Structure formats: C-alpha cells, structure tokens
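Chain and residue survey
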Amino acid sequence: WVPISVLMAGRNWTTVSEFVLLSFSALQPQLQALLFLLFLTIELITLMGNALIILVTTADSGLHSPMYFFLRNLSLLEIGFNLVIVPKMLATLVAHDTSISFLNCAVQMYFFFFFGASECFLLAAMAYDRYVAICDPLRYPVIMSPKACVRLAAASWLSGLPVATVQTMWLFSFPFCGSNQVNHFFCDSPPVLKLVCADTALFEIYAIVGTILVVMAPCLLILGSYVCIGSTIIKMPSAEGKRKAFSTCSSHLLVVSLFYGSGSLTYFRPKSNNSPESKKMLSLSYTVVTPMLNPIIYSLRNKEVKTTLNHILHRSLGSRKH
C-alpha cells in the first residue's frame, strides 16, 4: 500500500512519510513523567479489571445469562480500545517516541473507529436485553436465546467494520504534504485531516453524517428502551420490585452516560470552544478513564459479580494457606 501523498511527489509538494504525535510534549518533563505513571496505573487497572470481568462471568455458571454474555463482550471491546490508544501514548511520554508511520497511523485510526462504533451498538444491544427482561419477562428466555445473543453480539462487532474501513481508507487516500505534526496523542480523524492538502469538503460531510448515524441510531434505541423500562417500573405495584428492576439497569445506564457524555463533549462542542489542548483532555475521558471505570461500576454495583469475586478470592487465598 502506497499513500497517495507519496505518489503526488511529482507536484513539487513536500510529501509526508510519517507523522509526529505532539501528544503532551508542551508539558514540562517532570509533569510528563507523572502523567506516564498515572496513565500506566490506569492502563494496568483497566486491563486487569476487564480481564477479571471476563474471567468471573465465564467461570461462574450462574453468570451465563444474556446480560453477562454482553458484559463479557463489552470488556473485550474495552481491552481492544485501550490497547489501540494507550501503549503508544505511554511511549510518547516516557521514551519521547512521538513518530508514527503512515501505516501504523492508519491502523490505529481504523481500530479506534472499529472499537468505538462497535461499542455504540453493543451498548444498544445491552439496553435491548434489559428492555426484554423488564418489559416482557415471560418471553425473555425465548427472545434472548443463546443464538439470538450471539447474533446481536456479532452484529455489534461487525457494525464497526464499514465505518472504520470507509472513513480510514478515504482519509488516507488524500495527499499529505507540508507539516506532519498531529496535535493529539493518537491518530484521530480531525487532527490528521488538518494535514491534508486537498479539498476535503465531501469527506467532512460524510464524516459528520456517518458519526451522527453511528452515534445517534444506537443512542435512540437506548433511549427508547429506557423510556419503556421506566414506564414499566413506574407501573410495578411493589417498591421492592421497582428497586430490583432499577438495580439491574443502573450499571448499564451509568456506563452509557459516561460513554456518550464524554464522546459528545469531545466531538459535538462548538469549534470556538474546541482548542487542541482541551480536546486532548476530553479525549482522555473516553479513551483512558471510561474503560477503567466500566469494570469497577459493574463489579461494585452488581451483587452477583461481587459475590462471585469474593468466592474466587476466598478459594485462591484458601489454596495458598494449604
């Protein structure tokens, strides 16, 4: 694969063969070292937390319900999303390895779009699961059969492919010339697009429309599900029934709020309020912080997960004593 920017060399443009991620290079070295330690700690917590969710929900046969099946998929997505962004960011902070090749930049952007879009649709599938469980409990085992769950999860994962493929291939088919400095800590579309020396109006329209569809379609499904869930909970006669129904949704609702809230603040703010530095800080919320919080939210707010975690810890401690 040869970037068009290389093929355009005959037009007297200074072609770009690699990018430089500016990351947090404007900060003092001591502050960069502190950020490295902070982000490394968050990275380890994220990987261990999500891996633990996968292990716990797989090991305990009582956690093989559709809700925990989707939770395992969410943890897998979070691990992938995190590994695409954070290791390179850590390298820019500690080793000042800020260069990234055309291919690696395209690969990073591709999987960023892939995991991000897939997570949008997976969160919608999880909302649908809660809708069926609360609004149509008698038919829940039939509607959310193992085969149906696999199909919903597969559709969620595959939904990221067209978004990532079209947007990444189209963007990297443009000629790049002049500056090669990406003012971000990863290859996100807006800062890379600024380095293109061609008319990108059509691409920008597609990017806006595509982003709105990928973000808003699942978001509307989630909102619709929770409107129906809320209506059903209100009609429940007992306070205990209402409490139990709400507790099964609260973790998912909190995760959805974090994911969509941080993403919306980053990509849908007015450009006048959207400086590169402020966008970097906001991007940290959904690329670094949210993947760490998801397993914490589900483990702390879910009684079944907490019980299984305690059993595993007791068994492991007991075996060490013997």
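Predicted model only: the values in this text are computed from it and were never measured.

In total, this model carries 25 aromatic pairs according to the counting rule given. Taking 5.4 Å as the distance between ring centres and 85° as the angle between the ring planes, the aromatic pair formed by Trp 170 and Phe 203 counts as edge-to-face. Taken together, the residues Trp 170 in helix 6 (residues 146-171) and Phe 203 in helix 8 (residues 201-235) connect sequence positions 33 residues apart. The exposure class of Phe 203 is buried, given its relative accessible area of 1%. Clustering of aromatic rings is evident, with ring pairs tying together Phe 24, Phe 39, Phe 81, Phe 112, Phe 113, Phe 185, Phe 186 and Tyr 286.

Below, the discussion takes up the side chain of Arg 72. Note that Arg 72 resides in helix 3 (residues 66-94). Within the local environment of Arg 72, its side chain forms a polar contact with the backbone oxygen of Thr 57, the two atoms lying 2.8 Å apart. With residues near it in sequence (within four places) discarded, Arg 72 still touches Ile 54, Thr 57, Thr 58, Leu 63 and His 64.

Let's shift gears to the UniProt feature "transmembrane region" (unreviewed entry) in the protein. In the numbering used here, UniProt assigns the feature "transmembrane region" (unreviewed entry) to residues 33-57, 69-90, 110-128, 149-172, 205-229, 250-269 and 281-300. The straight-line gap between the two end C-alpha atoms of residues 110-128 is 27 Å; of that span, 100% is helix and 0% is strand. Between the C-alpha atoms that bound residues 205-229 there is a distance of 35 Å. The span itself is 100% helix and 0% strand.

Bringing helix 6 into the picture now. With 26 residues, helix 6 extends 39 Å from end C-alpha to end C-alpha; this agrees with the ideal 38 Å at 1.5 Å per step. Residues of helix 6 that are buried: Ala 148, Cys 149, Ala 153, Ser 156, Ser 159, Gly 160, Val 163, Ala 164, Gln 167, Thr 168 and Leu 171.

So, about the sheet that holds strand 3 (residues 181-182). One open sheet holds the three strands; their spatial order is 2-1-3, and the pairing between them is mixed. If you trace the sheet from one side to the other, it starts and ends with strand 2 (99-101) and strand 3, each paired once. Sheet topology note: the strand 1 (residues 18-21)/strand 2 ladder contains three bridges and is antiparallel. Within the sheet, the bridge partner assigned to Glu 18 lies in strand 2 and is Ser 101. Helix 4 (residues 102-135) rests against strand 1 and strand 2 of the sheet, and its axis sits at about 85° to strand 2.

Residues of strand 1 alternate between two faces, with Phe 19 and Leu 21 buried on one and Glu 18 and Val 20 left unburied on the opposite face. Bridge count between strand 1 and strand 3: two bridges; the pairing is parallel. Note on strand 3: the bridge partner recorded for Val 20 is Gln 181.

Moving on: the state of the cysteines. Taken as a whole and judged by the stated rule, the model has two disulfides. Between the sulfur of Cys 105 and that of Cys 187 lies a disulfide, 2.0 Å long from S to S. Of note, the bridge from Cys 105 to Cys 187 carries an S-S torsion of about -120° and is left-handed in sense. Linking Cys 105 in helix 4 with Cys 187 in the loop between strand 3 and helix 7 (189-193), this pair joins segments that are 82 residues apart in sequence. Each member of the pair, Cys 105 together with Cys 187, is buried. Paired by a disulfide, Cys 177 and Cys 197 hold their sulfur atoms 1.9 Å apart. On the criterion of sequence distance, the pair formed by Cys 177 in the loop between helix 6 and strand 3 and Cys 197 in the loop between helix 7 and helix 8 is long-range, its members being 20 residues apart. Indicated for the protein is the disulfide connectivity 1-3, 2-4, based on numbering the bonded cysteines in sequence order. No disulfide involves Cys 135; its nearest neighbouring cysteine sulfur is the one of Cys 228, lying 5.6 Å away. By relative accessible area, which is 25% here, Cys 135 ends up partly exposed. Overall, the relative accessible area of 34% leaves Cys 228 in the partly exposed class.

This part takes up the packing of helix 4 against helix 8. Remark: helix 4 packs on helix 8, axes separated minimally by 9 Å, with the N-to-C direction vectors making an angle of 15°. As far as their axial angle goes, helix 8 and helix 4 are roughly parallel. Considering how the two elements wind past one another, helix 4 and helix 8 form a crossing that is left-handed. Taking contact as the criterion, the partners of Ala 117, Cys 120, Phe 121, Leu 123, Ala 124, Ala 127, Tyr 128, Arg 130, Tyr 131, Ile 134 and Cys 135 in helix 4 are, on helix 8, Val 214, Val 215, Pro 218, Leu 221, Ile 222, Ser 225, Tyr 226, Cys 228, Ile 229, Thr 232 and Ile 233. Here the residues of the contact of helix 4 with helix 8 are counted per class, giving 19 nonpolar, two polar and one charged.

Model confidence for the protein is summarised by a mean pLDDT of 86, while 89% of its residues fall at 70 or above. A low-confidence stretch, residues 1-13 (pLDDT under 50), is modelled with 23 contacts involving residues beyond four sequence positions or located in other chains.

The rules behind the values
Residues numbered from 1 in each chain as written. Predicted model: local features only at pLDDT ≥ 70, side-chain atom pairs only at ≥ 80, totals over all residues. Heavy atoms only, no water. Phe/Tyr/Trp six-rings, centres within 6.5 Å; stacked < 30°, edge-to-face > 60°. Helix = DSSP H or I, 4+ residues; strand = E, 2+ residues; numbered from the N terminus. Buried < 20%, exposed > 50% of the residue type's maximum accessible area, 1.4 Å probe, protein only. Polar contact = N/O pair within 3.5 Å; in protein donor to acceptor, adjacent residues only side chain to side chain. Contact = heavy atoms within 4.5 Å. UniProt positions renumbered as here; feature names shortened; annotations may be inferred. Expected span 1.5 Å × (residues − 1). Pairing = 2+ DSSP bridges. Axes fitted to C-alpha atoms, helices over the stretch in contact; angles between N-to-C directions. Disulfide = S-S within 2.5 Å. Parallel < 35°, antiparallel > 145°, perpendicular 65-115°, else oblique. Left-handed = near helix turned anticlockwise from the far one by under 90°. Nonpolar A, V, L, I, M, F, W, Y, C, P; charged D, E, K, R; others polar. pLDDT = per-residue confidence, 0-100.

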